[in-house]
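A look at the structure
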Amino acid sequence: MEVDRRAFFATLGSAAVVSRLPDEEKAEALEHYMTDLLDQQTTTNELVVRRGAGDLFGAPGASGSGTPRPLRKLEPMPEKPTLLDFFKYRFAPATHVLQSATDALRKGEKEELVLACLMHDVVLNLIKVDHGWWGAQMIEPYVSEKVSWAIRHHQALRFYPDSSVGYEYPELYTRIFGKDYVPEPYIKKTYDYARNHKWYMEARMITVHDLYAFQPDMKVSMDPFVDIIGRHFKQPKEGLGFDGSPTAHMWRSMIFPDHPL
Ligand SMILES: [Fe+2]
Ligand SMILES: [Fe+2]
């Protein structure tokens with residue numbers, strides 16, 4: 001097996017660190033390195049990261065090209081992180097959700113719906129597959145049932161038009177999913193259920209404001225949402241991730257995305 005010496009040493013750290021390592025440790029590191037290399041060479045998976053992985057974990061771009069995006073450097077988070085800290089240190093620039101919440105605010109939606117728009121896709125930082133369910137679950141302990149219900153169901157609703165509110169199947173999905181894409185049975189079933197639910201419009205309006213939230217020149221800021229978060233998001237005093245809630249581990253995974261286990 002060919003081993004690129006420079007690439008190998010780069011995995012160990014700076015030249016100063018490498019020079020201090022005992023030979024035995026270097027040998028062991030080399031063995032690990034070669035095992036990994038061998039695994040990579042014997043699998044035919046072209047993707048380095050699966051498409052369902054979240055942005056903080058090197059998710060490929062939304063276009064479906066499969067090419068992982070460069071990972072950005074992450075700052076450590078405050079000891080008792082608030083939702084605003086997550087927006088600042090982990091979700092930023094969060095342009096899409098900020099645009100969608102801004103659109104909702106401008107069009108006079110109720111505060112809870114504005115919050116739902118603001119939160120509807122933030123879980124994409126953690127995981128992409130089934131993001132409606134994951135996203136709803138993650139914030140469930142901290143918001144009203146209506147807000148998490150809306151987020152859970154927007155995932156299925158976005159594939160089905162509703163002319164009463166001007167929602168058509170987005171062109172973007174044709175690009176991502178292909179033009180002959182038929183939603184899976186569980187999505188159809190969820191849509192049928194949500195369509196007849198008393199909160200249908202809450203989830204539907206997330207998909208509507210979603211459409212106005214991919215605009216390269218729309219300026220957004222967190223400021224208009226600070227008070228809305230204060231009124232409708234129950235910030236735990238121990239900090240998100242450390243309050244022992246059933247979803248604290250999801251927040252922690254975003255605080256410490258580099259923990260190996
Ligand atoms: Fe979404
Ligand atoms: Fe969205």
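Provided above is the structure to which this section pertains.
Residues numbered from 1 in each chain as written. Chains lettered and ligands numbered in written order. Predicted model: local features only at pLDDT ≥ 70, side-chain atom pairs only at ≥ 80, totals over all residues. Heavy atoms only, no water.

**Describing the nonpolar core**
Quick note on the threshold: What we call a nonpolar core is a set of buried Ala, Val, Leu, Ile, Met, Phe, Trp, Tyr and Cys residues that are connected through their side-chain atoms within 4.5 Å. Think of it in three bands: with a 1.4 Å probe and only protein chains considered, a residue is buried below 20% of the maximum accessible area for its type, exposed above 50%, and partly exposed in between.
Core analysis: the biggest nonpolar cluster contains 56 residues, and Leu-83, Phe-87, Phe-91, Leu-118, Met-119, Phe-233 and Trp-251 have the highest contact counts within it. Among the nonpolar cores identified, the runner-up in size contains seven residues, and Phe-8, Leu-12, Leu-21 and Leu-37 belong to it.

**Some points on empty space enclosed by the protein**
Test applied: Any residue with an atom within 4 Å of a point lines the site, the site being either a cavity, points on a 1 Å grid over the protein atoms alone where a 1.4 Å probe fits but cannot get out, or a pocket, an open set with protein on both sides within 12 Å along at least 5 of 7 lines. Grid points are joined across faces, edges and corners, and a volume is the space filled by probe spheres set on the points. Helix and strand assignments come from DSSP, with helices taken as H or I runs of at least 4 residues and strands as E runs of at least 2, each series counted from the N terminus. Residue classes follow a fixed rule: Ala, Val, Leu, Ile, Met, Phe, Trp, Tyr, Cys and Pro count as nonpolar, while Asp, Glu, Lys and Arg count as charged, and any other residue, Gly among them, counts as polar.
A full pass over the atoms with the stated rule returns one cavity of 30 Å³ or more. Looking at the largest cavity, its volume works out to about 30 Å³. Lining the largest cavity are Glu-112, Leu-113, Ala-116, Lys-146, Val-147, Ala-150 and Glu-202. Elements supplying a minimum of two residues to the lining of the largest cavity: helix H6 (111–119) and helix H8 (145–157). Considering only residue class, the lining of the largest cavity consists of four nonpolar, no polar and three charged.

**Overview of the side chain of Thr-102**
Threshold: Identification of polar contacts relies on pairs of N or O atoms within 3.5 Å, with a donor-acceptor requirement for protein atoms, meaning one able to donate a hydrogen and the other able to accept it, and with residues adjacent in sequence counted only if both atoms are side-chain atoms. Residue contacts are counted whenever heavy atoms from the two residues lie within 4.5 Å of one another.
By secondary structure assignment, the location of Thr-102 is in helix H5 (residues 95–106). Side-chain polar atoms of Thr-102 contact the backbone oxygen of Leu-98, separated by 2.6 Å. Setting aside its immediate chain neighbours within four residues, Thr-102 contacts Met-218, Val-220 and Phe-225.

**Remarks on the coordination of the iron ion (ligand 1)**
Quick note on the threshold: Any N, O or S atom lying within 2.8 Å of the metal counts as a donor, with the limit raised to 3.2 Å for Na, K and Ca; because water is left out of the atom set, some sites can appear incomplete.
On the protein side, the iron ion (ligand 1) has Asp-121 (OD), His-131 (NE2) and His-154 (NE2) as donor atoms, found 2.2 Å from it. Sequence positions of the residues that donate to the iron ion (ligand 1) give the spacing D-x9-H-x22-H. Between the iron ion (ligand 1) and the iron ion (ligand 2) the interatomic distance amounts to 3.7 Å, and Asp-121 serves as a bridging ligand to the pair. Of this pair, Asp-121 sits in the loop between H6 and helix H7 (131–139) while His-154 sits in helix H8, placing them 33 residues apart in sequence. Judged by its relative accessible area of 11%, Asp-121 falls in the buried class.

**Details of the pattern of salt bridges**
The condition that has to hold: A side-chain nitrogen of Lys or Arg and a carboxyl oxygen of Asp or Glu constitute a salt bridge if their distance falls within 4 Å.
Counted according to the given criterion, the structure contains 10 salt bridges. Here Asp-180 ties to Lys-179 by a salt bridge, and the two come within 3.9 Å at their closest N and O atoms. What makes Asp-180 exposed here is its relative accessible area of 63%. Exposure remark for Lys-179: the relative accessible area of 71% places this residue in the exposed category. Among the salt bridges present, the one from Glu-238 reaches Lys-237, with a minimum N-O distance of 3.6 Å. For Glu-238, a relative accessible area of 33% puts it in the partly exposed group.

**So, the packing of aromatic side chains**
Given two aromatic rings, one states the distance between the centres and the angle between the planes to describe the pair. Selection rule: Stacked, edge-to-face and tilted labels apply to pairs of Phe, Tyr and Trp rings (six-membered ring for Trp) whose centres lie within 6.5 Å, assigned for plane angles under 30 degrees, over 60, and everything in between, in that order.
Evaluation of the coordinates by the stated rule reveals 17 aromatic pairs. Ring centres of Trp-149 and Trp-199 lie 6.3 Å apart, and the angle between their planes is 70°; on these two criteria the pair is classed as edge-to-face. Of the two residues, Trp-149 is situated in helix H8 and Trp-199 in the loop between helix H10 (185–195) and helix H11 (200–211); the sequence distance between them amounts to 50 residues. Given the relative accessible area of 7%, Trp-149 is considered buried. The buried category is assigned to Trp-199, whose relative accessible area is 17%. An angle of 45° between the planes, with centres 5.6 Å apart, marks the rings of Phe-159 and Tyr-173 as tilted.

**Observations concerning the environment of Ala-101**
Checked against the element boundaries, Ala-101 lands in helix H5. Owing to a relative accessible area of 0%, Ala-101 belongs among the buried residues under this scheme. Taking C-alpha positions, Ala-101 is 8.4 Å from Ala-213, a pair spaced 112 residues apart along the chain. Filtering out sequence-adjacent residues up to four positions away, Ala-101 remains in contact with Val-114, Cys-117, Leu-118 and Phe-225.

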